[in-house]
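Reading the structure
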Amino acid sequence: MQYYSLNKQAPAVSFKEAVIKGLAPDKGLYFPSEIVKLDDSFFKSITQMSHVEIAFKVIESFVGNEIPEQDLKAILTDVLSFDFPLVEVKKDVFALELYHGPTLAFKDVGARFMARCLGYFNKKEKQQEEVTVLVATSGDTGGAVASGFYDVPGVNVVILYPSGKVSDIQEKQLTTMGKNITAIEVEGTFDDCQAMVKQAFLDGDFKGKRNLTSANSINVARWLPQMFYYFFTYKALVHLKKEIVFSVPSGNYGNICAGMMAQKMGLPIKHFITGTNVNNTVPHYLKAGEYLAKQSVATISNAMDVGDPSNFIRIQELHNRDIAKLRLNLTGYSFTDDQTREVMLDLYDNYKYVSDPHGAIGYAALEKYLSSQEALIGVFLETAHPVKFLDVLPEKIKKVVAIPESIIEIIKKEKKVERIFEYQELKTFLLK
């Protein structure tokens, strides 16, 4: 499988090269040259298959022969070592809980898969070259990447996060690991962090001094494994014999884009819904037809505080850059913090379901869409454990959230962090 740059001014590369480079030299995101449809026999037998068997069939064409079957299955067995519960909140409406991994966030799957792929490639090199994984986080990516890459030989991790704009627990998860993990607190927004990361990738001064790659969902090994969620859900719900719509709380749009990749591979998905907070760049685009990137605004659903989502260009590519085609497959809604709190209370008061702010927005968007539809199954994605957002949960909900032992241990640890204001400081740090 070859991967081309969406800016189309750089040579195509292999899966291995796309993972190690992260971003193409022309600043473009890598995209697979082919999306292979799965056989009908796969979907007919999916209920008899394990998660690892499903994941292998889904990802094998994208990896190609660069990781042998036995090794790829071993990687997937390690990555998918936790559950993905589907909870029926009310009739035909389900919450897909993606927060049962080690850092209690959906990003655990992609981070662990990428870390193990990079570790595999490093082991195969006769002369191991150190790689620096440089990543920006608006919340959960940092913790997932820190956990996924912790103590991986030959890999150093540098995580940028916006000061005061991640929750206390999220901050602890990415600033207390030590060893090969360094956290950098940036005075600015997530978009500022992301801009610094992109600038570093394209800075020629690092050539021969630092081998940089990304672990944001711009990296194909972080992005593509998110397809698994949608296949696992189909396996669990296919017996209901109804069409499925997915509502995905969206920040950088890697997760929902992975769902659309699954759809391209033949997975029967009726429609996608994106729910956002007031950082509503994509819902505005879908309604008005103009894409207006803007400075992000801080909200209680901080992982979605993104004003210029980097993965949206992949969604456009999947729909031939045609907004009319995209509108047939994607509907978008945005919600304020007050509306988000109301939805969290509604879910708890009426259904005894405890949601985090991001999942609540996914549910609210799903309800809006289903109000004009009939005979569909709706699935909203719960992307992070509510415990990560105790500081913004309504008081009555906060009281019933049990704190996992892993979080209790992290809270006790001391935060270790570098602080910067501008790109030059990051560059100086990386070149030390």
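Structure's up top.
Residues numbered from 1 in each chain as written. Predicted model: local features only at pLDDT ≥ 70, side-chain atom pairs only at ≥ 80, totals over all residues. Heavy atoms only, no water.

**Observations concerning helix α7 (residues 168–175)**
Turn by turn, an α-helix covers 3.6 residues, leaving residues three or four places apart pointing in a common direction. Condition: Three exposure classes are used, based on accessible area relative to the maximum for each residue type with a 1.4 Å probe and protein chains only: buried under 20%, partly exposed in between, and exposed over 50%. Each helix is a run of DSSP H or I of at least 4 residues and each strand a run of E of at least 2, with the numbering of both proceeding from the N terminus. Contacts are residue-level and defined by heavy atoms, with any inter-residue pair within 4.5 Å sufficient.
Across the 8 residues that make up α7, a large majority, 6, are buried. If you check which residues of α7 are buried, you get Ile169, Gln170, Glu171, Gln173, Leu174 and Thr175. In this fold, the buried residues of α7 make contact with α6 (140–149), β7 (155–162), β8 (181–186) and α18 (405–412).

**What about the pairing of strand β5 (residues 93–97)?**
Filter applied, for reference: Two strands pair if DSSP finds at least two bridges between them.
Here β5 lies mainly inside the structure; 5 of its 5 residues are buried. Residues Val93, Ala95 and Glu97 line one face of β5 and the alternating positions Phe94 and Leu96 line the opposite face, and both faces are buried. In this structure, strand β4 (residues 86–90) lies alongside β5, joined through 4 bridges in antiparallel fashion. Counted as the bridge partner of Lys90 is Val93 from β5.

**Describing the sheet that holds strand β11 (residues 271–276)**
The test is simple: To get an axis, a line is fitted to the C-alpha atoms, and for a helix only the part in contact is used. The angle between two axes follows their N-to-C directions and goes from 0 to 180 degrees.
The strand order across the open sheet formed by 6 strands is β4-β5-β13-β10-β11-β12, and the pairing between neighbours is mixed. Edge positions in the sheet fall to β4 and β12 (330–334), since each has one partner strand and no second. When strand polarity is set aside, the average angle formed by the axes of neighbouring strands in this sheet is 25 degrees. On top of the sheet, helix α16 (residues 357–370) reaches β4, β5, β10 (243–249), β11, β12 and β13 (376–382); it is set at about 160 degrees to β13, its chief contact.

**Some words on the packing of helix α5 (residues 107–124) against α6**
Just so we agree on the cut-off: Put simply, a crossing is left-handed when the front helix is turned counterclockwise from the back one by less than a right angle, and right-handed when it is turned clockwise. Any residue that is not Ala, Val, Leu, Ile, Met, Phe, Trp, Tyr, Cys, Pro, Asp, Glu, Lys or Arg is counted as polar, Gly included; the first ten are nonpolar and the last four charged.
Where α5 meets α6, the closest approach of the two axes is 8 Å, and the angle between their N-to-C directions is 35 degrees. Two packed elements cross with a definite hand, and for α5 against α6 that hand is right-handed. In this structure, α5 uses Lys107, Asp108, Ala111, Arg112, Met114, Ala115, Arg116 and Leu118 to contact α6, whose residues at the interface are Asp140, Thr141, Ala144, Val145, Gly148 and Phe149. Here the residues of the contact of α5 with α6 are counted per class, giving 7 nonpolar, 2 polar and 5 charged.

**Considering the environment of Ala215**
The topology assignment puts Ala215 in the loop between β9 (212–214) and α9 (220–223). Take Ala215: its relative accessible area is 0%, and that puts it in the buried class. Placed 153 residues apart in sequence, Ala215 and Lys368 show a C-alpha to C-alpha distance of 33 Å. Excluding anything up to four places from it in sequence, Ala215 contacts Met114, Val133, Leu134, Val135, Thr141, Val145, Phe149 and Arg222.

**Quick notes on the pattern of salt bridges**
Rules: A pair is scored as a salt bridge if a Lys or Arg side-chain nitrogen falls within 4 Å of a carboxyl oxygen belonging to Asp or Glu.
Applying the stated rule across the entire model yields 19 salt bridges. Between Lys242 and Asp92 there is a salt bridge, and its shortest N-O distance comes to 2.7 Å. Here Asp92 lies in the loop between β4 and β5 and Lys242 lies in the loop between α10 (227–237) and β10, a separation of 150 residues in the sequence. Its relative accessible area of 13% is what places Asp92 among the buried residues. A cluster of three or more residues bridged by salt bridges with shared partners is formed by Glu171, Glu185, Lys415 and Arg419.

**Thoughts on the packing of helix α3 (residues 51–63) against α10**
We count it as follows: Just so you know how the angles are binned, under 35 degrees is roughly parallel, over 145 roughly antiparallel, 65 to 115 roughly perpendicular, and the rest oblique.
Relative orientation of the contacting elements α3 and α10 amounts to 135 degrees, with a least axis distance of 10 Å. What the angle tells us is that α3 and α10 run oblique. Relative to α10, α3 is oriented so that their crossing is right-handed. Across the interface between the two elements, His51, Ile54, Ala55, Val58, Ile59 and Phe62 of α3 pack against Met227, Phe228, Phe231, Phe232 and Lys235 of α10.

**Some words on the side chain of Asn180**
Heads up, the condition is: Pairs of N or O atoms are called polar contacts if they sit within 3.5 Å, as long as, within protein, a hydrogen donor faces a hydrogen acceptor (for residues adjacent in sequence, only side-chain-to-side-chain pairs).
Relative to the elements of secondary structure, Asn180 occurs in the loop between α7 and β8. There is a polar contact of 2.9 Å between the side chain of Asn180 and the backbone oxygen of Val155. Once residues within four sequence positions are removed from consideration, Asn180 is found in contact with Phe149, Tyr150, Asp151, Val152, Val155, Asn156 and Val157.

**Description of the packing of aromatic side chains**
The criterion, for reference: Only the six-membered ring of Trp is used, alongside the rings of Phe and Tyr, when aromatic pairs are assigned; centres must lie within 6.5 Å, and planes under 30 degrees apart are stacked while those over 60 apart are edge-to-face, with the rest tilted. Consider the ring centre and the ring normal. A charge sits over the ring if Lys NZ or Arg CZ is within 6 Å of that centre and within 35 degrees of that normal.
Applying the stated criterion across every chain, the model contains 23 aromatic pairs. Ring centres of Tyr353 and Phe380 lie 6.3 Å apart, and the angle between their planes is 85 degrees; on these two criteria the pair is classed as edge-to-face. Placement of the pair is Tyr353 in the loop between α15 (337–351) and α16 and Phe380 in strand β13, with a sequence separation of 27 residues. Neither residue differs from the other here; Tyr353 and Phe380 are each classed as buried. Taken together, the ring pairs connect Phe82, Phe84, Phe228, Tyr229, Tyr230, Phe232, Phe246 and Phe272 into an aromatic cluster. A cation over an aromatic ring shows up here: Lys73 above the ring of Phe56, its NZ or CZ 4.8 Å from the ring centre. For the cation-ring pair, Arg314 lies above Trp223, with the distance from its terminal atom to the ring centre recorded as 4.1 Å.

Keep in mind that these numbers describe shape and distance, not what the molecule does.
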